[in-house]
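In case you want the letters, here they are:
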Amino acid sequence: MSNNKLVSVLIPSYNHEKNVGDCLESVLAQTYSNIEVIICDDKSKDNTYEVIERYRQRLEEKFSRICIIENDTNLGIVKNCNKLISLAKGDYYKLLASDDMLRPDGIEKLVFFLESHKEHNMVYSYGDRISENITFKDVVGNSINNP
């Protein structure tokens, strides 16, 4: 499949220090390559922003555009998501909570569906509920039921 459509992966983050690394690992593992990543931390009280910053170089090496923002004040989830959307330049948007993960072919499958079914304006996928102790390595290692 051609990677000509830009996908904006929009990640609102707040107090997910323990999970945001796995979230970003899942974005880095995507088989679809034409991605911009926009992350907006909503003034987390833990070290979420610092964890995100540790991923900056790897994200910049892989993707066309990276934008990492830390809000000056806590905006709340709706205003934080609206801020992300206002910064996005993609043909498609993928909203990804900072405590969620994508399977490596997740974005590729969503784009393929939309490109193959022009009568649809949006697509979503089911998710797997996983324990907070599950890491991205567990997800790609298929240690989770119902892939």
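So, here's what we can say about the structure. (Residues numbered from 1 in each chain as written. Predicted model: local features only at pLDDT ≥ 70, side-chain atom pairs only at ≥ 80, totals over all residues. Heavy atoms only, no water.)

## Observations concerning the pairing of strand S1 (residues 7-13)
In terms of burial, S1 is largely enclosed, as seven of its seven residues are buried. Burial along S1 is two-sided: Val-7, Val-9, Ile-11 and Ser-13 facing one way and Ser-8, Leu-10 and Pro-12 facing the other are all buried. Where S1 and strand S2 (residues 35-41) come together, seven bridges link them in parallel fashion. Residue pairing across strands places Val-9 opposite Val-37, the latter belonging to S2. Read from S1 through helix H1 (residues 20-28) to S2, the crossover connection turns out right-handed. Strand direction decides the pairing type here: S1 and strand S4 (residues 92-95), joined by four bridges, are parallel. Bridge pairing links Val-7 to Tyr-92 in S4. (Buried < 20%, exposed > 50% of the residue type's maximum accessible area, 1.4 Å probe, protein only. Helix = DSSP H or I, 4+ residues; strand = E, 2+ residues; numbered from the N terminus. Pairing = 2+ DSSP bridges. Right-handed = clockwise from strand over helix to strand, strands pointing away.)

## Quick notes on the sheet that holds S1
What the four strands build is an open sheet, ordered S3-S2-S1-S4; its pairing is parallel. Every interior strand has two partners, whereas the edge strands, strand S3 (65-70) and S4, have only one. Taken over all neighbouring pairs, the strand axes of this sheet differ in orientation by 15° on average, direction set aside. Across the sheet, H1 touches S1 and S2, and the angle it forms with S1 is around 175°. Lying over the sheet, helix H4 (residues 77-87) contacts S1, S2, S3 and S4, oriented at roughly 155° with respect to S1. (Axes fitted to C-alpha atoms, helices over the stretch in contact; angles between N-to-C directions. Contact = heavy atoms within 4.5 Å.)

## Describing the pattern of salt bridges
Counted under the stated rule, the structure contains six salt bridges. Across the pair Glu-25 and Arg-58 runs a salt bridge whose closest N-O atoms are separated by 2.8 Å. Of the two residues, Glu-25 sits in helix H1 while Arg-58 sits in helix H3 (residues 56-62), which places them 33 residues apart along the sequence. You can call Glu-25 partly exposed: its relative accessible area is 23%. The shortest N-O distance in the salt bridge between Glu-115 and Lys-118 comes to 3.2 Å. For Glu-115, a relative accessible area of 27% puts it in the partly exposed group. Within this structure, Glu-53, Arg-56 and Glu-60 form a network of salt bridges that share partners. (Salt bridge = Lys/Arg side-chain N within 4 Å of Asp/Glu carboxyl O.)

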